[in-house]
Structure formats: C-alpha cells, structure tokens
Amino acid sequence: MNSQETQFTVAFYNLENFFDTKNDPHILDDDFTPDGIKAWDESKFRRKTKKLARTIALIGAEESGIPPILIGIAEVENKKAIDTLLNTKALKEVDYDYVHFNSPDERGIDTALLYNREHFRVLESETIPLLVANNNGDRDLTRDILYVRGMLHEEEIHVFVNHWPSRRDGADETSYKRVKAAETILQKINNMPRESFNCIIMGDFNDDPNSESIKKIMETGAFVNPMQKLLSPNSGSANYKGEWSLFDQILISHSFLNYEKGTHSFKKAKIFAPKFLKEWKGRYKGNPFRTFVGKKYLGGYSDHFPVYMILKENR
C-alpha cells in the first residue's frame, strides 16, 4: 500500500481579511467594499480567492497526495466568501463542505472548518462564546470558538477552531483574554467522555507556544504541541516588525500518538511556506506575501503562512 493512501493532512490557515465586496450594514466591513478605503472590488476578491484556493490545494500534498481533509480557516467574512473559495478551479473537484457560524466580531471576521466529505462526517457542531471584557468593562465582541465533533474515517474526533483576541492593545495588557479562551476550551473538554477523547485544537491563538494561554492547555497533561519546535528567530507563521511569531498552531491530544487499528497517529507538523507565498525581494524578503500593507494593495495571499500536520490512518 502506498504510504500516501494512509497519510492525510490537517491544516489551519488565517486568510487575512477574506471579505466579499458587498457592504454589510451590521458589521464594520466598509473598508472592504468598492467605495471603501481599500477599493476592494470583484477583481481583487476573485484574484485573492484563486490564490487562497491554490494554496489550500497544495498544503501537505507532497506527503498525502491530496488537499487537506480538514482545514480550519480564520478571517473569513461569510458563507458567500467560503462558497466562492470552494467553487474555484483548484478546489471544486474536492468533495468539500464546511461548518461556519457568524460570530459577534465587530468586523464580521469568522472562523470555519472545511472538511472533505469522503473522509470526515460531522456529528455535531456549535459555537462556544468567548465572554471577555475590555478594560472599561464592556464586552469585547471577539470571535466565538468553533467546536465540531465528527467521524474521521472510523474514529470520533473533537475539533476546536480558534481565532483568539488580538494583541493590538499590547501583548501583556490583553493576555488575560487569551487565557480566558484557553480556560473556555478546557471547560468544554472537562465535560467530555474520556473514552472518545481524540482532540485537535487549532487556530490563530495570537500567542506563541510558550505563552501563558497555551501553557494553560499544556499543563493539563492531555495535549502535545507538535508546533513547539517550529518557532525560531528565522522562521514562524507570521512576521511583525522583523520578528517571527508562531501564533498559528495545532495542538493534539495524546491519543494521536497511538497505533491501534482504526485510529490516526501523528507523523509530523510543518509550516507551509513555499516560495510563492513569500515576498521575494526587498527588506521583507522571506515574509508572508500579504494582500495589503495598510491601504497599499500588494495582491498577495495572506499575512500568515498556513500550518499543518500529517496524520497516518492505521489500517
């Protein structure tokens, strides 16, 4: 049996402001409209969609031979944007479906889970509200945590897709919000039956592997962070002011380290950073090739590299 037949990719990708072009009066999406500050028109939207689709199709393809069977995404505006993405030439032949809910985020950017129906079946899904307040006592209208329970081949798994509160007002000043996000997930996990505890926590955590929030999850002893070793002074999933970070991570429960028949075992974790996703010249050479820098349109992919892991199905 070809090893590619039993190896599968699970990925996460922050799509960097993947908005459609229509003005939604209920959210702060005005910048991403034809009349907005970014002059976000159908041509730019279609171009970005094709680029993101091409990228998704290639994540982990070297190891598994097919696009990811599960991929968490962040910074997507709505179902229309996801439908357009899945109807592109690069992805329409893949039997993708998705789980998406609108979140209370003021800008209307949500998370979603794309899944290949040939390999994964959804049993239940819900959003878990992240209830945190700003320093003034008002609720921070941030992204919910997306929870999906389903069958990955013959194995039941639990998936959490996250986009935790940003560091915009300072890393230390906002740390409590991300710690609260970790605690919210652990609260859900504590109510799960241990006999089917196969858990994947993925997302843009806005925190590195050594941050207090991620440590909170790791201190339970129930998880492994295969991304821990991927952060270095020269590599990460995003770069801000010349410093690499690894905010994009996939954590797995210890159950993915077994080899029983019918289960899935962890093989490797990687940052997907081929040349076409990078700035190829100038002072930002090697950084993610993003769509915008401020108001300036660059026409790139995203300000984050995708991250992924390879699972082997034990047959």
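- In the annotation of an unreviewed UniProt entry, the protein chain is listed under the name Endonuclease and assigned to Flagellimonas aquimarina.

Let's talk about the overall build of the protein chain
- Scanning the protein chain from N- to C-terminus turns up five helices and 16 strands.
- Over its C-alpha trace the protein chain gives a radius of gyration of 19 Å, about what one expects of a compact globule, namely 20 Å for 315 residues.
- Overall, the C-alpha framework of the protein chain stretches about 55 × 45 × 40 Å when taken along its three principal axes.
- Every one of the 315 residues in the protein chain was classed for burial, and the buried ones make up 56%.
- Within the protein chain, residue pairs in contact and separated by at least 24 positions form 70% of the contacts whose partners lie at least 6 positions apart.
- Summed over all atoms, the accessible surface of the protein chain reaches about 14500 Å², with 47% contributed by carbon and sulfur.
- On the protein chain, the mean spot of the 44 positive side-chain charges and the mean spot of the 46 negative ones are 7 Å from each other.

As for unusual backbone geometry
- Backbone geometry at Glu16 places phi at a positive 55°, although glycine is not the residue there.
- Mapped onto the secondary structure, Glu16 falls in strand E1 (residues 7–18).
- Notably, Asn206 is not glycine yet its phi reads approximately 55°, a positive angle.
- With respect to the helices and strands, Asn206 occurs in the loop between strand E8 (199–204) and helix H5 (212–218).
- On the basis of relative accessibility, which here comes to 10%, the residue Asn206 falls in the buried class.

Quick word on the pairing of E1
- In terms of burial, E1 is a largely internal element, twelve of the twelve residues being buried.
- Where E1 meets strand E16 (residues 307–313), six bridges bridge the pair, whose relative direction is antiparallel. Across the sheet, the residue bridging to Val10 is Met309, located in E16.
- Of the strand pairs in this sheet, E1 and strand E2 (residues 70–76) are connected by six bridges, and their pairing is parallel. Counted as the bridge partner of Phe12 is Gly72 from E2.

With respect to the packing of aromatic side chains
- Within the structure shown, the criterion is met by 14 aromatic pairs.
- Relative to Trp40, the ring of Phe32 lies with its centre 5.7 Å away and its plane at 80°, an arrangement referred to as edge-to-face.
- Centroid distance Trp40 to Phe292: 6.0 Å. Interplanar angle 55°. Geometry classified as tilted. Taken together, the positions of Trp40 in the loop between E1 and helix H1 (42–58) and Phe292 in strand E14 (residues 292–293) put the pair 252 residues apart, joining distant regions of the chain.
- Among the aromatic side chains, those forming a connected cluster through ring pairs are Phe19, Phe32, Trp40, Phe292 and Tyr297.
- It is Lys44 that lies over the ring of Tyr297; its NZ or CZ is 4.8 Å from the centre.
- Sitting over the ring of Phe276, Arg54 keeps its end group 4.1 Å from the ring centre.

Side note on the sheet that holds strand E9 (residues 223–224)
- Read across the sheet, six strands follow the order E5-E6-E7-E8-E12-E9 without closing on themselves; strand pairing throughout is mixed. Lying at the two open borders of the sheet, with one neighbouring strand each, are strand E5 (120–128) and E9.
- Where E9 lies against strand E12 (residues 248–253), two bridges are found, and the strand directions are antiparallel. Following the sheet pairing, Val224 is matched in E12 by Ile252.

Examining the sheet that holds strand E4 (residues 110–116)
- Strand order in the open sheet made by the six strands is E3-E4-E2-E1-E16-E13, with mixed pairing throughout. Across the chains shown, the open sheet's two edge strands, defined by having one partner strand only, are strand E3 (96–100) and strand E13 (264–271). Recorded for the sheet is a direction-independent mean angle of 20° between the axes of neighbouring strands.
- Looking at chain direction, E3 and E4 are connected through five bridges and run antiparallel.

A short note on the pattern of salt bridges
- For the structure on display, the rule yields 16 salt bridges.
- A salt bridge links Asp207 to Arg178, with the nearest nitrogen and oxygen atoms 2.9 Å apart. One end of the pair, Asp207, is in the loop between E8 and H5; the other, Arg178, is in helix H4 (residues 171–190), with 29 residues separating them in the sequence.
- Of the residues examined, Asp207 reaches a relative accessible area of 3% and is grouped as buried.
- What you see here is one network of salt bridges that share partners, running through Glu16, Arg290 and Asp303.

Quick notes on the rules
- Residues numbered from 1 in each chain as written.
- Predicted model: local features only at pLDDT ≥ 70, side-chain atom pairs only at ≥ 80, totals over all residues.
- Heavy atoms only, no water.
- Helix = DSSP H or I, 4+ residues; strand = E, 2+ residues; numbered from the N terminus.
- Rg over C-alpha atoms; globule rule 2.2 N^0.38 Å.
- Buried < 20%, exposed > 50% of the residue type's maximum accessible area, 1.4 Å probe, protein only.
- Contact = heavy atoms within 4.5 Å.
- Areas by Shrake-Rupley, 256 points an atom, 1.4 Å probe, with all protein chains shown as cover.
- Lys, Arg positive; Asp, Glu negative; His and termini not counted.
- Charge placed at Lys NZ, Arg CZ, Asp CG, Glu CD.
- Pairing = 2+ DSSP bridges.
- Phe/Tyr/Trp six-rings, centres within 6.5 Å; stacked < 30°, edge-to-face > 60°.
- Lys NZ or Arg CZ within 6 Å of the ring centre and 35° of its normal.
- Axes fitted to C-alpha atoms, helices over the stretch in contact; angles between N-to-C directions.
- Salt bridge = Lys/Arg side-chain N within 4 Å of Asp/Glu carboxyl O.

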